[in-house]
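The chain contents come next:
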Amino acid sequence: MKAAGIAWFHSDTYEESKSRFSDGDKFLTTYAEWLERAEQAEKVILDQGVPVIRVYVDSDEFTEWVDENGIENVDSAARRDFANYVAGRDG
């Protein structure tokens, strides 16, 4: 079964990441809040029998992918597309 990619953050870069994304003002206030919500979403997918790959979007690889693909609006859609790209490649 094909894995689902979920955009993920490191705890030490969450605050900085909020300022790097065009939709950063919509992020949950703290990493702890975000992590709780992300783990709930991950569980829903796993409960459906779909494997999940956590894909870090606060990485150099994500930045390179954005540049290589000419993405100007780095938002939730870009993070989702990157996560799915990595899951398809690595999953």
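Residues numbered from 1 in each chain as written. Predicted model: local features only at pLDDT ≥ 70, side-chain atom pairs only at ≥ 80, totals over all residues. Heavy atoms only, no water.

Things to note about the pattern of salt bridges
Basically, it comes down to this: The term salt bridge refers to a pairing of a side-chain nitrogen on Lys or Arg with a carboxyl oxygen on Asp or Glu at a separation within 4 Å. Helix and strand assignments come from DSSP, with helices taken as H or I runs of at least 4 residues and strands as E runs of at least 2, each series counted from the N terminus. To sort residues, take the accessible area from a 1.4 Å probe on protein chains only and compare it with the maximum for the residue type: under 20% means buried, over 50% means exposed, and anything in between is partly exposed.
Applying the stated criterion to the full structure yields seven salt bridges. Asp-47 is the salt-bridge partner of Lys-43, the closest N and O atoms lying 2.7 Å from each other. Of this pair, Lys-43 and Asp-47 both sit in helix H2 (residues 31-47), four residues apart, which is roughly one turn of that helix. A relative accessible area of 49% means that Lys-43 is categorised as partly exposed. In this structure, Arg-80 engages Asp-81 in a salt bridge whose closest nitrogen and oxygen atoms are separated by 3.0 Å. For Asp-81, a relative accessible area of 36% gives the class partly exposed. Look at the salt bridges and you will find they share partners, linking Glu-61, Arg-89 and Asp-90 into a network.

Looking at the side chain of Arg-79
Definition in use: By definition, residues are in contact when any of their heavy atoms lie within 4.5 Å.
Tracing the backbone shows Arg-79 in helix H4 (residues 76-90). Leaving out residues up to four positions away in the same chain, Arg-79 has contacts with Ala-7, Phe-9, Phe-21, Asp-23, Phe-27, Val-57, Phe-62 and Val-74.

Quick look at the packing of aromatic side chains
The line we're drawing: Paired rings are identified among Phe, Tyr and Trp, the last through its six-membered ring, by centres lying within 6.5 Å, and are further divided according to the angle between planes into stacked (under 30 degrees), edge-to-face (over 60) and tilted (the rest). Distance and angle both matter: a charge sits over a ring if NZ of Lys or CZ of Arg is within 6 Å of the ring centre and within 35 degrees of the ring normal.
One pass over the structure, following the stated rule, counts 16 aromatic pairs. Ring geometry for Phe-9 versus Phe-21: centroids 6.1 Å apart, planes at 75 degrees, classification edge-to-face. Of this pair, Phe-9 sits in the loop between strand E1 (4-8) and helix H1 (14-20) while Phe-21 is found in the loop between H1 and H2, placing the two residues 12 residues apart along the sequence. Comparing Phe-9 with Phe-21, the two get one shared label, buried. For the ring pair Phe-82 and Tyr-85, a centre distance of 6.4 Å and an interplane angle of 35 degrees mean the geometry is tilted. On the criterion of helical spacing, the pair formed by Phe-82 and Tyr-85 is a turn pair, its members being three residues apart in helix H4. The class of Tyr-85 is partly exposed, set by a relative accessible area of 41%. By way of ring pairs, the aromatic residues Trp-8, Phe-9, Tyr-14, Phe-21, Phe-27, Tyr-31, Trp-34, Phe-62, Trp-65, Phe-82 and Tyr-85 are connected into one cluster. Its end group placed over the ring of Phe-21, Arg-20 keeps NZ or CZ at 5.9 Å from the ring centre. Just above the ring of Phe-21 sits the side chain of Arg-79; from NZ or CZ to the centre is 4.7 Å.

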